[in-house]
Amino acid sequence: MTISKTANLVLIPAPGMGHLAPAIELAKHLVARDPRLSITVLLIKGFVPEETVESYILSLKSNSSLLNQGIGFIDIPQIDLNSARPSFLTHMNAYQPKVKEAIEGLRSAGPLPVAGLLVDMFCTSTIDVATELGLPSYVFFTSGAGLLRLFFHLHGLGVDVAQEYDVVRSPDTLLEIPGFRNPVPVKVLPGRFLSKDGQSSTFLRLADKFRQAKGILVNTCMEIDRDLIQSMSQQDIEIPPIYPVGPILNLPTEDDHGHDDDESSGKDPITRWLDDQPPRSVVFLCFGSRGTFNDTQIKEIAVGLERSGQRFLWSLRQRPGETGVPLELDDPSKVLPEGFFERTAEKGRVIGWAPQARVLAHKAVGAFVSHCGWNSTLESFWYGVPIAAWPIYAEQQLNAFVLVKELGLATEIRIDYCQDFGINMVVKAEEVEDGINKAMKETEVKKKVKEMCDKARKALEEGGSSYESIGRFIEVVFKNLP
Ligand SMILES: O=c1ccn([C@@H]2O[C@H](COP(=O)(O)OP(=O)(O)O[C@H]3O[C@H](CO)[C@@H](O)[C@H](O)[C@H]3O)[C@@H](O)[C@H]2O)c(=O)[nH]1
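Predicted model, so just to flag it, every value in this text is computed and none were measured. (Residues numbered from 1 in each chain as written. Predicted model: local features only at pLDDT ≥ 70, side-chain atom pairs only at ≥ 80, totals over all residues. Heavy atoms only, no water.)

Draft legend 1. Structural context of the overall build of the protein. For the protein, the helix and strand inventory stands at 21 helices and 17 strands. Across its three principal axes, the protein shows a C-alpha extent of roughly 65 × 60 × 50 Å. Scored against the burial criterion, the 482 residues of the protein give a buried share of 57%. For the protein, restricting intrachain contacts to residue pairs at least 6 apart in sequence, the fraction spanning at least 24 positions comes to 73%. Carbon and sulfur atoms provide 49% of the accessible area of the protein, an area that totals close to 20300 Å². Of the charged side chains in the protein, 50 are positive and 62 negative, and the gap between their average positions amounts to 3 Å. (Helix = DSSP H or I, 4+ residues; strand = E, 2+ residues; numbered from the N terminus. Buried < 20%, exposed > 50% of the residue type's maximum accessible area, 1.4 Å probe, protein only. Contact = heavy atoms within 4.5 Å. Areas by Shrake-Rupley, 256 points an atom, 1.4 Å probe, with all protein chains shown as cover. Lys, Arg positive; Asp, Glu negative; His and termini not counted. Charge placed at Lys NZ, Arg CZ, Asp CG, Glu CD.)

Okay, here's the thing in structure tokens:
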């Protein structure tokens, strides 16, 4: 029996892999769950074209099964902002008229009613468009509940946070924040919250926008973030219902072994190399779509890795140039210590962009040195591979704090390393060596991550906490149909 679509939700993801990919996966979950729902994704461009994002978008558009499931795409024409590097939020604000045009086009093309806007946490300026058009809006929060809790807490304090707290002079000032078990040191707060260039209050005002939505979908589950989620439903200030719907991940299928360079095995070289390593023997280092280090730090990592004696797979990318996007290294040996490749030939591989989820799924991988981007964090849980935390920028220090100090679900390399403020910026080779060895051995954390792997997967199964949450959200979408 085919059930015809009766409502169309407009999804507006932010233009970065860490936001776009989980948004598309969320769309798949929603339409799979309720066949009456279709989703139109508005694709907004970033400041600069990113090769990985562009090719991901191409793959989406050529994937006919998405269309069959009821997921379509509209390209929003690029806007030239006449400014070399506008802030991300300014960039998104500028797209309001184009978004409005696209939604009006959808409405007049009919026949499906537009059910509302589901917007990425950084695209909330489009909530104004929804209000103007009389449509309900919902937010998709692509990080964990810790960051959302922090948004509401700091914004609710009603002070100029950037003036109140000085991360450079008093990095160890502690904040009591409801939902957190431990006091939170200022040095793990996201850089944007504390930057003195005026961006702090603009950024924190996103909390106002979150409040205007009819619901906030968070890419987490009760099993990961219970205390934080419960604390938000108990607080005095009014916030919309929170739906923990995760972990929503862009995962490879079981028979996806990458591009076939070798006709006989049908596997890519990284998978073939991992196949040759003993179970749980490889440490994987990867720092998200934008994480990079200077040459001094790269050398320290290399020395630490070599001294640890562990097998390794290291995704190493070049510091960004003009565009802000990291580049693949033409010749990594130029920045690595002399003879590094010869000495580690039997033990390790240095690569560029990694097929991360596929690597974490491989039985040879025993630990993951990660920047604690939220998708990487969820992928570590999904595959039961413990993280050794080395956050770099954005909200990654907070994620690392939650993982290491609050939940005991990761070990630490350096949770207060912070490129946003340039603090604690050199992690010496000995720390890298110790951190890696600890992560490979640590048994208590490994056990807890394994347990979380089971719980996180169950959350999405029928009857699981996120499964139920997704169901409740869909009911609300239909109830709120304009
Ligand atoms: O070589 C690489 C690097 C990344 N990835 C994938 O890209 C995604 C990266 O996402 P994430 O771990 O969240 O990191 P960022 O790309 O840095 O994501 C941004 O968005 C996240 C979600 O809001 C935030 O938590 C981060 O701090 C922010 O930097 C993951 O799915 C990875 O598997 C790869 O496949 N190969």
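Draft legend 2. Broad picture of the domain arrangement of the protein. As far as domains go, the protein holds domain 1 (7-246 + 460-479) and domain 2 (269-456). Using only C-alpha atoms to locate each centre, domain 1 and domain 2 end up separated by 27 Å. Of the residues lining the interface, 34 residues belong to domain 1; the matching set on domain 2 comes to 29 residues. Counting the surface lost from both domain 1 and domain 2, the interface buries some 2700 Å², and carbon and sulfur atoms represent 65% of this. (Domains from an automatic or database assignment. Buried area = accessible area lost by both parts, 1.4 Å probe.)

Draft legend 3. How the structure looks around the nonpolar core. Counting 141 residues, the largest nonpolar core has Leu30, Ile103, Phe151 and Phe210 as the members making the most contacts within it. Among the domains, domain 1 (7-246 + 460-479) and domain 2 (269-456) are the pair contributing at least three residues each to this core. Judged by nonpolar contacts, the second largest core, of 28 residues, contains Leu285, Leu305, Leu336 and Ile392. (Core = buried A, V, L, I, M, F, W, Y, C linked by side-chain atoms within 4.5 Å.)

Draft legend 4. Representation of the site of the ligand in the model. As a structural note, the neighbourhood of the ligand is formed by 20 residues, with Ser289, Ala354, Ser376, Glu379 and Glu395 the closest of them. A distance of 2.9 Å separates an oxygen atom of the ligand from a polar side-chain atom of glutamine 396. With the chains in place, 91% of the 690 Å² that the ligand exposes on its own is no longer accessible. Breaking the shell around the ligand down by element, the ones donating at least two residues are helix H1 (17-33) and helix H17 (374-383). With four residues, H17 is the single largest residue contributor to the shell around the ligand. (Near = heavy atom within 4 Å. Polar contact = N/O pair within 3.5 Å; in protein donor to acceptor, adjacent residues only side chain to side chain.)

Draft legend 5. Representation of the packing of aromatic side chains in the model. Throughout the structure, instances matching the rule amount to 19 aromatic pairs. Relative to tyrosine 417, the ring of phenylalanine 293 lies with its centre 5.9 Å away and its plane at 65°, an arrangement referred to as edge-to-face. Of this pair, phenylalanine 293 sits in the loop between strand E10 (282-286) and helix H14 (295-308) while tyrosine 417 sits in the loop between strand E17 (410-412) and helix H19 (429-441); the two residues are 124 residues apart in sequence, bridging distant segments of the chain. Judged by its relative accessible area of 1%, tyrosine 417 falls in the buried class. Each residue in the set Phe122, Phe141, Phe151, Phe152, Phe193, Phe203 and Phe210 is aromatic and connected to the rest through ring pairs, giving one cluster. Sitting over the ring of tyrosine 467, arginine 33 keeps its end group 3.4 Å from the ring centre. (Phe/Tyr/Trp six-rings, centres within 6.5 Å; stacked < 30°, edge-to-face > 60°. Lys NZ or Arg CZ within 6 Å of the ring centre and 35° of its normal.)

Draft legend 6. Structural context of the sheet that holds strand E3 (residues 71-75). Strands sit in the order E3-E2-E1-E4-E5-E8-E9 across an open sheet of seven strands; the sheet is parallel. Both edges of this open sheet fall to E3 and strand E9 (242-244), since each of them pairs with a single strand only. Across the sheet, the mean angle from the axis of one strand to that of its neighbour is 25°, orientation sign disregarded. The pairing of strand E1 (residues 7-12) with strand E4 (residues 114-120) spans five bridges and is classified as parallel. (Pairing = 2+ DSSP bridges. Axes fitted to C-alpha atoms, helices over the stretch in contact; angles between N-to-C directions.)

Draft legend 7. Examining the environment of leucine 26 more closely. Looking at the element boundaries, leucine 26 is found in helix H1. As a C-alpha pair, leucine 26 and isoleucine 248 span 222 residues in sequence and 6.2 Å in three-dimensional space. The residues touching leucine 26, leaving out its near neighbours within four places in the chain, are Leu118, Phe140, Leu217, Val245 and Ile248.

Draft legend 8. Spotlight on the sheet that holds strand E15 (residues 365-370). Strands sit in the order E14-E11-E10-E15-E16-E17 across an open sheet of six strands; the sheet is parallel. Edge positions in the sheet fall to strand E14 (348-351) and E17, since each of these pairs with one other strand and no more. On average, each strand axis in the sheet is inclined to that of its neighbour by 20°, with strand direction left out of account. Here E15 pairs with strand E16 (residues 387-389) via three bridges, running parallel. Note on E16: the bridge partner recorded for serine 370 is alanine 389. Along the sheet face, H19 touches E10, E15, E16 and E17 and points at about 140° away from the line of E15.

Draft legend 9. Spotlight on the pattern of salt bridges. Applying the stated rule across the entire model yields 17 salt bridges. Linking lysine 187 and aspartate 172 is a salt bridge whose minimum nitrogen-to-oxygen distance equals 2.7 Å. Here lysine 187, found in the loop between strand E7 (184-185) and helix H9 (191-194), pairs with aspartate 172, found in the loop between helix H8 (161-164) and strand E6 (174-175); they are 15 residues apart in sequence, far enough to count as distant. Connected through salt bridges with shared partners, the residues Asp172, Lys187 and Asp416 form a single ionic network. (Salt bridge = Lys/Arg side-chain N within 4 Å of Asp/Glu carboxyl O.)

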